[in-house]
Amino acid sequence: MVRARVLRGVDLDVPAGRLTAVVGRPEAGKTTLLNCVGGLERPDRGTVHIGADRITGLGDSALTRLRRDRIGFVFATCSLFPTLSVEQNIRIGAELAGRRTEKQWFTTVVELLGLSLLLRTRPSALTAEQRQRVACARAFLNRPDLVLADEPAGELDRMEAAALLGFLRMWVRKLGQSVLLATRDPFVAAHADRVFVLAQGRITGEVERPTVESVMAAM
Amino acid sequence: MRMHPIHAGKQMGAGAVLCCVVAIGLLIVLIVAQVSGWWLLPMFALTEVVVYRAFSSNVRQRRRDLALLRCFGASRAQVFNGVLTEAAWVGVLGALAGFFGVLILLDILDFNLAVFAAVVGATGAVLAALVPAFRASRIPPSGPSERPPRRLSTVA
């Protein structure tokens, strides 16, 4: 088996209640970084903490519970189940946990993301932007400690991307949600509160209150 | 009936389900007809192979969906039980087919024997799905980034 070193000495602090972005070219290690944070991959070395809890070294079932209860995931594409309705897709985490979601909270999430009229629809009937909003609703519904968004606007045009990031920002501002976003697009990264630049597995720069220009300069 | 999300993803094709159901049904008919063991054993083996193949190919096709389910917090046990539940449903369908087969093809219906045969058929389906279910439960969690294998294209 060929092993490649993807991340080297990454030291990253994701503050709670803020939108943090990791920006880098393709193959820079963004997805691997997010996977390590989200308990999808185990780093060979180093540690990951979520809040006060160290998650490196946890067993499979503990990591499963962590992903289910404390992490929300938003991916670039195709992360909705085509055989489930929008509502079932949104509720999947709670259903897998055998939990009931409070009606009030579900309605709030769905209304804030403008999905009230689409609950019975199948994902195939939605536009790319609507699908991403469903993915966000699913990630937010559990009130996770951290939402990991891997290229959430990867398939969207600029207008749609701006709208989606507007939703993410609103969530961070209004509800104090912590979001870690990975993207290759400086335009997307510029919506964050703080941007880390990842290149060849290392953090090479950091931009506070980023603009498109400052992110591009840091890259 | 509402589907549990563990059954999300690519469903088994109607053809595969039909093959399994016919095989289980035939097995049940043969048991009720009290044919000799020399016929029963190969038929049982054949049923197991058909169900096993159907479920392993289904699990292969659903690899990405199952990895995603694991990502969203499905445990190994849930995935394992999910596949076995589907096998149990196929077994029940097969048992029903077997009952109808017995009613249509055989004159005498020994009810106890038919029930026994149905139980054997349904249990056989679950047994055959054990290995595919175990494999499914070992699929590591991942996002949808894992691309499905590309089809070979024939370019002249």
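Keep in mind the model is a prediction, meaning the values are calculated, not measured. (Residues numbered from 1 in each chain as written. Chains lettered and ligands numbered in written order. Predicted model: local features only at pLDDT ≥ 70, side-chain atom pairs only at ≥ 80, totals over all residues. Heavy atoms only, no water.)

Peer 1: Looking at this model, I keep getting lost on helix α1 (residues 30-37) of chain A. Mind explaining?
Peer 2: Because an α-helix completes one turn every 3.6 residues, residues spaced three or four positions apart along the sequence face the same direction. Residues and elements named next belong to chain A. When you tally the buried positions in α1, you get seven out of eight residues, the bulk of the element. When α1 is considered as a whole, its buried residues turn out to be K30, T32, L33, L34, N35, C36 and V37. Looking at the buried residues of α1, the elements they touch are β1 (19-23), β2 (49-50), β4 (71-74), β5 (146-150), β6 (179-183) and β7 (194-199). (Buried < 20%, exposed > 50% of the residue type's maximum accessible area, 1.4 Å probe, protein only. Helix = DSSP H or I, 4+ residues; strand = E, 2+ residues; numbered from the N terminus. Contact = heavy atoms within 4.5 Å.)

Peer 1: Where do I start with the packing of aromatic side chains in this structure?
Peer 2: The geometry of two aromatic rings is summed up by the distance between their centres and the angle between their planes. Residues and elements named next belong to chain A. In this structure the tally under the stated criterion is five aromatic pairs over all chains. Where F140 meets W171, the ring centres are 4.3 Å apart and the plane angle is 5 degrees; that geometry is what we call stacked. Residue F140 is found in helix α6 (residues 128-141), and its partner W171 is found in helix α7 (residues 158-175); the two are separated by 31 residues along the sequence. Above the face of the F106 ring, R91 is positioned so that its terminal group lies 4.0 Å from the ring centre. The ring of W105 is capped by R143, whose NZ or CZ atom sits 4.1 Å from the centre of that ring. (Phe/Tyr/Trp six-rings, centres within 6.5 Å; stacked < 30°, edge-to-face > 60°. Lys NZ or Arg CZ within 6 Å of the ring centre and 35° of its normal.)

Peer 1: For this particular structure, what's the right way to read the interface of chain A and chain B?
Peer 2: How big an interface is tends to be expressed through the accessible area that disappears when the partners come together. Of the residues lining the interface, 19 residues belong to chain A; the matching set on chain B comes to 24 residues. Between chain A and chain B the total buried area reaches about 2000 Å² when both faces are included, carbon and sulfur atoms providing 63% of it. When the area that chain A buries against chain B is broken down by residue, the three leading residues are A:F81, A:E95 and A:L96, summing to 30%. One can count two salt bridges joining chain A with chain B. For the salt bridge of B:R70 with A:D60, the shortest nitrogen-to-oxygen distance reads 3.0 Å. The interface formed by chain A and chain B holds five residue pairs in polar contact (both at pLDDT 80 or more) in total. Taken together, the residues that form the side of chain A that touches chain B break down as eight nonpolar, six polar and five charged. (Buried area = accessible area lost by both parts, 1.4 Å probe. Salt bridge = Lys/Arg side-chain N within 4 Å of Asp/Glu carboxyl O. Polar contact = N/O pair within 3.5 Å; in protein donor to acceptor, adjacent residues only side chain to side chain. Nonpolar A, V, L, I, M, F, W, Y, C, P; charged D, E, K, R; others polar.)

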